[in-house]
Amino acid sequence: MSARDEILGRVRAALADVTEVPAAPAAPRRSPVADVVGLFEERVADYRAVVVRTTAGGLPAALRDALPAGASAVIPPGLAGTLGLSGTGFVVDDGELSAAQLDQVDAVITASAVGIAETGTIVLDHAPDQGRRAITLVPDTHVCIVRADQIVLDVPDATALLRAAVLAGRPLTWISGPSATSDIELSRVEGVHGPRNLVVVIVESPQG
Amino acid sequence: MSGTFVGMPKFPVAARAALEDTQLRHNLAHATSTIRGKRARLVDEVNEVSSWEDLRLAGAGVKEAALLSLETQLLRLEETLTANGAIVHWARDAEEACRIVATVATSHQVDEVVKVKSMVTQEIGLNEALAAAGIAAWETDLAELIVQLGDDLPSHILVPAIHRNRAEVREIFLRAMKTVGRPAPEDLTDEPAVLAAAAREHLREKFLRARVGVSGANFAVAETGTLVVVESEGNGRMCLTLPEVLISVVGIEKVVSTWDDLDPLLRLLPRSSTGERMNPYTSTWSGVTPGDGPQEVHVVLLDNGRTRALADQVGRQALRCIRCSACLNVCPVYERTGGHAYGSVYPGPIGAILNPLLKGFGVDEQTDSLPYASSLCGACFEACPVRIDIPSVLVDQRAKVVDAHRDSRVPKVEQLAFKGAAVALSDARRLGFGERFTKVGLGVARRLGAAAWTSARDLPPAPAESFRAWWKRTDGGRDESTKESGR
Ligand code: SF4
């Protein structure tokens, strides 16, 4: 018998006593807040990420400020051309840069799919304005743009919005602060393998 | 690596050795109390705007529903993963799983793989199996790296190197990094940030050249064919993204039915685990993504005793475990003895029930001694985000251990006492049952004497206050001087 059939058979035998499967109770929702963007800003900052608020007009300047002086940065193809950034330091990812080449780039600038206020989380669904996963992983600084209207209150709001991307087969990366570890005597240290610097740029909606 | 749990002495012997190790006791006490405090603050925070108990009920509910319909879920998972371009393998036991991973790695002619989230791979002894096939498996979690370079065994689910202090970590890095790759810098200090930076440099070399990655998964979503890895350091993202080939070993109990089921679990896990609102990184992937990440994706669905556990009507709830380690951090026995005394990759209260469930009773003495590695205080049940009633399972298992040794020395009356206690317990699920039960449990344990884990320490006099009350009053024995303050 194949391993598959044997395991499935064991599962069936193990559950012979089960006559019905109770439905899980619905998960509770947290109470609403007046200022979702303010909560997001506060919670992201709690992770010792840098948070900047700007407007659409102020975005290019905010991005330049967010980068270390003289830093090179990679930009996903879907974002290039919309940022008003140009110059020798900027590289548009053509999908061919190797991990070793990305390791030579200082920073990455991306958009995002969803922001979660309660947990201070940014979720990337790796659409063209966020790029493939490697570009947000290897460089040491990640500057991430979140539009205010992308920010939701809590995790269930985010999972509902992300469902379509997952069904389309896209990977997700949930980011809550810079890479961190507490493995040595429980001292929290920022930055082990992921980007050691995370800058979140919140772009206010036009109507304020 | 020579580290292995096979042939460990049974719990009382190992625990006595650990009790004498003051470094370990100090580190564990510090770590567990720090995490306990962070978790407690976040539970309070949730209760201000929602209900932690309702969230636990939802989390337990989605896991339980998936387990009770496991055949349906596994078939669906196989179908969706395959549709997403993943190659699905099934492994009855550790040996079969190791063989599958080694075969895939060998077919790519590699002599090394990078690894993340290796509890399940530690369970099946994958590193040793790969080494036998001439393949080096590099651990990439900082703590796992410390454990591996120190030729050591992990002692805590969450902080596997909790038994090492910073000076020891520095010494291990200086001595061992150069033997397997980029050496630690000569001027390495014992600052945690400096040590972490050394690990970053050492491992980056391996990430950038690795062609095969090996992972576990925290969850597998049947509906969408999606695997989920929850982590902190970014080594998971490295292993899941940079290699050309990814092999994920996934216990069959990791499956959940729908994408939406992740919601309560992703809210419960980081708060219960590291005491954070969310962990730094969570990655989800659904088979192969063209142009992004590994283009050959394997998933090994592993039984290795899980169907045995599933057949146990009392014990099957242990398969809900999301490996958060909250039960370890509240456990007075764990805090005083450490992870190694459990002789397994799954230590603490969950290990005490899971190991016998996976292996069966009457097979080896080490495993049979585990259900006694508890004072039945009930703190683990209160802390567990998926409401695993560990004390009830322990009591049930003690009876089963006794059954398995029926012909030997244990008098029958003890079996009856445990079975009676299990019945009483199953009716008293809410807060406070621990108090009532402690007296029963200790009473029985005193009579059992020889077989009970309590033989490794001095059996306490009959308690004037319950263990749970004592634990609360003295902050887990760290503050024995505290007066009973009229309670
Ligand atoms: S048994 Fe519960 S508390 Fe313990 S590790 Fe598992 S999920 Fe966490």
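Residues numbered from 1 in each chain as written. Chains lettered and ligands numbered in written order. Predicted model: local features only at pLDDT ≥ 70, side-chain atom pairs only at ≥ 80, totals over all residues. Heavy atoms only, no water.

(A) Focus on the overall build of chain B. The secondary structure content of chain B amounts to 22 helices and 10 strands. Per-residue burial over chain B gives 66% buried out of 487 residues. Restricting to contacts in chain B with at least 6 residues of sequence separation, those with at least 24 account for 75%. If you sum the accessible surface of chain B, you get close to 16700 Å²; carbon and sulfur atoms cover 53% of it. (Helix = DSSP H or I, 4+ residues; strand = E, 2+ residues; numbered from the N terminus. Buried < 20%, exposed > 50% of the residue type's maximum accessible area, 1.4 Å probe, protein only. Contact = heavy atoms within 4.5 Å. Areas by Shrake-Rupley, 256 points an atom, 1.4 Å probe, with all protein chains shown as cover.)

(B) Seen up close, unusual backbone geometry. Despite not being glycine, H126 of chain A has its phi angle at roughly 60°, a positive value. Structurally, H126 of chain A can be placed in the loop between β6 (121-124) and β7 (141-147). With a relative accessible area of 8%, H126 of chain A lands in the buried category. Backbone geometry places Q109 of chain B, a non-glycine residue, at a positive phi of 55°. Tracing the sequence through the fold places Q109 of chain B in the loop between α5 (94-107) and β2 (112-115).

(C) The pattern of salt bridges, seen in detail. The final tally for this structure, using the stated rule, is 43 salt bridges over all chains. Two residues, R56 of chain B and E53 of chain B, come together in a salt bridge whose shortest N-O distance is 2.8 Å. Pair noted here: R56 of chain B and E53 of chain B are both in helix α3 (residues 52-68), with a separation of three residues, about one helical turn. According to the relative accessible area criterion, R56 of chain B is buried, its value standing at 6%. Take E53 of chain B: its relative accessible area is 23%, and that puts it in the partly exposed class. Residues R99 of chain B and E95 of chain B are paired through a salt bridge, measuring 3.6 Å at the closest nitrogen-oxygen approach. Of the two residues, R99 of chain B and E95 of chain B both sit in helix α5, four residues apart, roughly one turn of that helix. By relative accessible area, E95 of chain B is classed as exposed at 56%. Each of the salt bridges in this network shares a partner with another, and the network as a whole consists of R30, R43, D46 and E118 of chain A together with E45, R271 and R277 of chain B. (Salt bridge = Lys/Arg side-chain N within 4 Å of Asp/Glu carboxyl O.)

(D) Looking closely at the site of the ligand. Of all residues adjacent to the ligand, which total 13 residues, the nearest are C321, C324, S325, C327 and C384 of chain B. Split by residue class, the shell around the ligand holds 11 nonpolar, one polar and one charged. (Near = heavy atom within 4 Å. Nonpolar A, V, L, I, M, F, W, Y, C, P; charged D, E, K, R; others polar.)

(E) Main features of the nonpolar core. Core analysis: the biggest nonpolar cluster contains 96 residues, and L162 and W174 of chain A together with F219 and I350 of chain B have the highest contact counts within it. It is helix α16 (residues 348-359) of chain B that provides the largest number of residues to this core, a total of six residues. Setting aside anything within four residues of it in sequence, one finds F219 of chain B in contact with T226, L227, V228, V230, K254, L262, L265, L266, L269 and I322 of chain B. V138 of chain A together with I172, L188 and L203 of chain B belong to the second-largest nonpolar core, a separate cluster that totals 34 residues. (Core = buried A, V, L, I, M, F, W, Y, C linked by side-chain atoms within 4.5 Å.)

(F) Looking closely at the sheet that holds strand β6 (residues 226-231) of chain B. Pairing is mixed in the open sheet, where eight strands are placed in the order β8(A)-β5(A)-β6(A)-β9(A)-β9(B)-β6(B)-β5(B)-β8(B). The open sheet terminates on both sides in strands that have one partner only, identified here as β8 (151-152) of chain A together with β8 (255-256) of chain B. One ladder, built from two bridges, connects strand β5 (residues 114-116) of chain A with β8 of chain A; its direction is parallel. In the sheet register, G115 of chain A faces β8 of chain A, and the bridge partner there is I151 of chain A. Each of β9 (172-175) of chain A together with β5 (219-221), β6, β8 and β9 (281-285) of chain B touches helix α12 (residues 262-273) of chain B; the most contacted strand, β5 of chain B, lies at about 165° to it. (Pairing = 2+ DSSP bridges. Axes fitted to C-alpha atoms, helices over the stretch in contact; angles between N-to-C directions.)

(G) View of empty space enclosed by the protein. Residues and elements named next belong to chain B. Within the structure shown, the criterion is met by eight cavities of 30 Å³ or more. Space inside the second largest cavity adds up to approximately 110 Å³. Lining of the second largest cavity is provided by 17 residues; of these, C331, P349, S374, C377 and C380 occupy positions nearest its centre. If you list the elements that add at least two residues to the lining of the second largest cavity, you get α15 (332-337), α18 (379-383) and α19 (390-404). It is α19 that provides the largest number of residues to the lining of the second largest cavity, a total of three residues. (1 Å grid on protein atoms, 1.4 Å probe; cavity = no way out; pocket = protein on both sides within 12 Å on 5 of 7 lines; lining within 4 Å. Points joined across faces, edges and corners; volume = space filled by probe spheres on them.)

By themselves these figures say nothing about function.
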